[in-house]
Amino acid sequence: MTTTSSVLITGASTGIGAIYAERFARRGHDLVLVARDKARLDTLATRLQQEHGVAVDVLPADLTQSSGLVAVEARLRDDTRIGTLINNAGIAQSGSFIEQTPDAIERLIALNTTALTRLANAVAPRFAQAGEGSIVNISSVVGLAPEFSMSVYGATKAFVLFLSQGMSLELSPKGVYVQTVLPAGTYTEIWERAGIDISTSSEMMEVGELVDAALVGFDRRELVTIPPLHNAARWDALDAARQALLSDIKQAEVAERYKTVL
Ligand code: NAP
């Protein structure tokens, strides 16, 4: 990626995406901002153009709808100025699994997994062909923790982590950088939008600090960036344990403990 390539950010109208937009504008990158709320995108675009002298396009789209998704995919495929995709748009959901409705579950999966995957898939071939480009996928520490009682949301975020790791294995030899970012609770609108009361929760991270930390990881070309994780060795140990487990899976032979009944 050249330093002047543009950056397409989904979910850029507020929260983490809006801060990514501000930070990349500060670095001199032109932007393409995607979300549903055109008025908010326009306001942000005007401010970033004035303050940082970069070109900012807004591309309003509902990424849970085929028409919106197809338009953003086309932009990613065809606009060769775009060198970075920040795959950030996402929603959370309140309630336990048995309380959640089919429609709400479908919307969550459509945005957090289907849209994210399709957008990455739209841009990756061009990046691989060019031998450069970056894809940042926003996951969550909830994807590591079924204990947090956000099963569907957490499952979508576990999906994002797995997908990103697989994409990285395939694309890094072709010169494409794939970063997964796992924030923990961060002050944004996501909670209120999902109807989750955070007034009694323990303190959360400020969104600017979260994005700045994620960008430190980005600049270091880190594969997995977990800003709230203080002991980095914990992640390394988890990943090493997973790899050790793989070496113990022998697909042609049933494990001894399953060879006796009860
Ligand atoms: P947020 O403040 O609620 O912002 C979400 C963004 O996504 C908004 O710009 C919203 O804009 C956009 N969006 C929502 N539905 C959309 C749709 N159907 N089509 C297109 N855009 C849509 O949330 P956030 O906290 O910044 O979250 C950003 C990402 O970080 C998400 O993937 C989230 O899961 C992840 N994350 C957040 C936290 C946290 O505590 N905040 C923790 C871990 C991970 P419009 O409404 O204008 O469409």
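The notes below deal with the structure included here. (Residues numbered from 1 in each chain as written. Predicted model: local features only at pLDDT ≥ 70, side-chain atom pairs only at ≥ 80, totals over all residues. Heavy atoms only, no water.)

**With respect to the nonpolar core**
We apply this condition: Residues grouped as a nonpolar core are buried Ala, Val, Leu, Ile, Met, Phe, Trp, Tyr and Cys residues, joined through side-chain atoms within 4.5 Å. Here the term buried applies to any residue with accessible area under 20% of the maximum for its type, exposed to any over 50%, and partly exposed to those in between, with areas from a 1.4 Å probe on protein chains only. Runs of E in the DSSP output that reach at least two residues are strands. Runs of H or I that reach at least four are helices, and both are numbered from the N terminus. The criterion used for residue contact is that any of the two residues' heavy atoms lie within 4.5 Å.
Counting 29 residues, the largest nonpolar core has I9, Y20, F24, L31 and L33 as its most contacted members. Secondary-structure elements contributing two or more residues to this core are β1 (6-10), α1 (15-26), β2 (31-35), α2 (38-52), β5 (134-138), β6 (177-181) and α7 (207-219). Excluding residues that lie within four positions of it along the chain, L33 makes contacts with I9, A12, A21, L41, L44, A45, V56, D57, V58 and L59. L8, L76, I82 and I135 belong to the second largest nonpolar core, which has 28 residues in total.

**Describing the site of the ligand**
Quick note on the threshold: We call a residue near a molecule or strand whenever a single non-hydrogen atom of that residue lies within 4 Å of it. Pairs of N or O atoms within 3.5 Å make up the polar contacts considered here, provided that, within protein, one atom can donate a hydrogen while the other can accept it, and that residues adjacent in sequence are counted only when both atoms are side-chain atoms. For every accessible area listed, the method is Shrake-Rupley and the probe measures 1.4 Å; residues are considered covered only by the protein chains on display. Only Asp, Glu, Lys and Arg are considered charged, only Ala, Val, Leu, Ile, Met, Phe, Trp, Tyr, Cys and Pro nonpolar, and every remaining residue, Gly among them, polar.
Around the ligand, the surrounding shell holds 31 residues, and the nearest of these are S13, R36, Y153, T186 and T188. The separation between an oxygen atom of the ligand and a polar main-chain atom of T186 is 2.7 Å. Here an oxygen atom of the ligand and a backbone polar atom of I190 are 3.3 Å apart. When the ligand sits alone it has 880 Å² of accessible area, and the protein chains cover 97% of it. Of all elements in the fold, only α1, α5 (151-171) and α6 (190-194) reach the threshold of two or more residues within the shell around the ligand. Top contributing element to the shell around the ligand by residue count: α6, with 3 residues. Here the shell around the ligand is built from residues that sort into 13 nonpolar, 12 polar and 6 charged.

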